[in-house]
Amino acid sequence: MDITTRAPVRPKRVFAIRRRLFANPVVRVLGPFVPVVLLWWLLAELKVFPGAFFVGPDTVVGEFVELMRKGVLPGYLSDSLTRLMYGVGFGLLIGLPLGFAIAMSFWARRLTWPLLLFFQAIADIAWLPIVIVWFGFSLTAVTFVIVYTIVFPLVLGIVAGVEQVPHELIRAARSLGAGRLRVFLEVIVPGALPSVASGIRTGLGYGWRALVAAEIIVGTSGVGFMMFDARRVGDVAEVFLGMIVLGVLWYATDALVLAPFERATVERWGLVRQAEAGK
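All of the points below concern the structure found in this document. Small disclaimer: the values here were computed from a predicted structure and weren't measured. Sequence order sets the numbering: in each chain, residues are counted from 1 along the sequence as written. Thresholds applied to this predicted model are a pLDDT of at least 70 for local features of residues and 80 or more for the giving and counting of side-chain atom pairs; totals over whole chains, interfaces and linings are not thresholded and use all residues. Note that the side-chain values use all heavy atoms of the structure and ignore hydrogens as well as water.

**Examining the overall build of the chain**
Point 1. For helices the rule is a DSSP run of H or I covering at least 4 residues; for strands it is a run of E covering at least 2, with both sets numbered from the N terminus onward. Helix and strand content of the chain: 12 helices and 0 strands.
Point 2. Residue pairs at least 24 apart in sequence account for 73% of intrachain contacts in the chain once pairs closer than 6 positions are excluded.
Point 3. For the accessible areas, the method is Shrake-Rupley and the probe is 1.4 Å, while residue cover comes only from the protein chains on display. Carbon together with sulfur atoms contributes 69% to the accessible area of the chain, which is approximately 17,400 Å² in total. The contact definition used throughout considers only heavy atoms, calling two residues in contact when any of these lie within 4.5 Å.

Listed below in structure tokens is the structure:
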């Protein structure tokens, strides 16, 4: 008689609890940070690093409360977000039409592609010395750096997106009597939207980092300036707080605005491609 052993079967209740737990948006968002904060707190409590160089979460929270009470952090945040809005606004106004203008012309792509790759390879921080000479320590200098950082990923994304639009759709629209403008608005732009969304998301990510770098070197206010000024006086807690604020703001912007926009456009285009495949 064969004796077989069976692995213990977990109750369905355990799977149901786990499924509900991971379906909770709060758990999905904050859960990955719990072990990081615990490790941070443990290192601070065990004094693995000297207190002058490494502080715990409680110290950073106290610094946050103090800066909010004094109105320092809201003022710096307002300055940073204002600069980012200017940079993003001008970056989109320049990058979107420029990207489609280059993408719609074969000769424009041939002539500008080496230039796009060349300037894309130059880091935003490399422009800061000459920007300071041109514009001084001003909002214009910071805006220039952000715009430069946003425009090139956006243009490259648009060009790639337009090239991926199936030529069958364009020929079909023209055979039905659509003019160049209608083909552009109803076929090419919707088809390129996933790449446009990815370019905007990537460009804004680069622009956010460029803002911090510019504020550290050029700015006289803002979160980046706050961190650099705190380093000068040896306030490590304020530096930690600045990094956390930057991470939280970008995570919120990406999760609430950029990722849904990109996901919606990709899903919409995916449905179109599936419909084509089914014909």
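**A few points about the nonpolar core**
Point 1. If you look at the biggest cluster of nonpolar residues, it comprises 60 residues, and the most contacted ones within it are I158, V162 and V183.
Point 2. Per element, the largest residue contribution to this core is 15 residues, and it comes from helix α8 (residues 139-163). To form a nonpolar core, buried Ala, Val, Leu, Ile, Met, Phe, Trp, Tyr and Cys residues must be joined to one another through side-chain atoms within 4.5 Å. The buried label applies to any residue whose accessible area, calculated with a 1.4 Å probe on protein chains only, is under 20% of its type's maximum; exposed applies above 50%, and partly exposed to all values in between.

**Structural notes on helix α3 (residues 33-45)**
Point 1. Multiplying one less than the number of residues by 1.5 Å gives the expected span of a helix. For α3, built from 13 residues, the straight-helix expectation of 18 Å at 1.5 Å per residue is met to within 8% by its first-to-last C-alpha distance of 18 Å.
Point 2. Downstream of α3 by one or two residues, K47 has phi in the positive range, about 55 degrees.

**Structural notes on the pattern of salt bridges**
Point 1. The salt bridge definition used is simple: a Lys or Arg side-chain nitrogen within 4 Å of an Asp or Glu carboxyl oxygen. Evaluation of the coordinates by the stated rule reveals 5 salt bridges.
Point 2. With its nearest N and O atoms 2.8 Å apart, the salt bridge here joins R83 to E215. In this pair, R83 is assigned in helix α5 (residues 72-103) and E215 in helix α10 (residues 180-217), connecting sequence segments 132 residues apart. Note on accessibility: R83 and E215 belong to one class, buried.
Point 3. D229 is the partner of R232 in a salt bridge, and the nearest nitrogen-oxygen pair spans 2.6 Å. Taken together, the positions of R232 and D229, both in helix α11 (residues 223-233) and 3 residues apart, correspond to about one turn of that helix.

**Examining the packing of aromatic side chains**
How two aromatic rings sit relative to each other is set out by the distance from centre to centre and by the angle between their planes.
Point 1. Geometry of aromatic contacts follows a simple scheme: Phe, Tyr and Trp rings, the Trp one being its six-membered ring, pair when their centres are within 6.5 Å, and the pair is stacked under 30 degrees between planes, edge-to-face over 60, tilted otherwise. Going through the model one piece at a time under the given rule, you end up with 16 aromatic pairs.
Point 2. When the centroid spacing of 5.2 Å and the interplanar angle of 55 degrees are considered together, the rings of W127 and Y148 count as tilted. A residue pair is termed long-range when its members are at least 10 positions apart, and W127 in the loop between α6 (106-121) and α7 (128-135) and Y148 in helix α8 qualify at 21 residues. Y148 carries the same exposure label as W127, and that label is buried.
Point 3. Members of the aromatic cluster, connected to one another through ring pairs, are F118, F119, W127, W134, F135, F144, Y148 and F152.
Point 4. Cation over ring: R231 sits above F228, and NZ or CZ is 4.6 Å from the ring centre. The rule is short: NZ of Lys or CZ of Arg within 6 Å of the ring centre and within 35 degrees of the ring normal puts a charge over the ring.

**Some details on the side chain of S80**
Point 1. If you trace the backbone, S80 turns up in helix α5.
Point 2. The class for S80 is buried, based on a relative accessible area of 2%.

**Describing the packing of α5 against α11**
Point 1. Axis separation between α5 and α11 bottoms out at 7 Å; the angle between their running directions is 130 degrees. Considering the angle they form, α5 stands oblique to α11. On α11, the residues touching L73, Y76, L77 and S80 of α5 are V223, F225 and M226. Helix axes use the C-alpha atoms of the stretch in contact, all axes being lines fitted to C-alpha atoms, and the angles between their N-to-C directions lie in the range 0 to 180 degrees. Every angle not falling under 35 degrees, over 145, or within 65 to 115 is termed oblique; those three ranges are roughly parallel, roughly antiparallel and roughly perpendicular.

**Points about a nonpolar patch on the surface**
Point 1. A cluster of nonpolar side chains, contributed by Y86, F90, L93, I94, L98 and L139, occupies part of the molecular surface with about 560 Å² of accessible area.
Point 2. The element best represented in the nonpolar patch is α5, accounting for 5 residues.
Point 3. Taking the relative accessible area as the measure of exposure, L93 reaches 61% and is therefore exposed. Within this analysis, patches are made of residues with over 30% relative accessible area and no salt bridge. Like charges are joined at 9 Å or less; nonpolar side chains (Val, Leu, Ile, Met, Phe, Trp, Tyr) at 5 Å or less.

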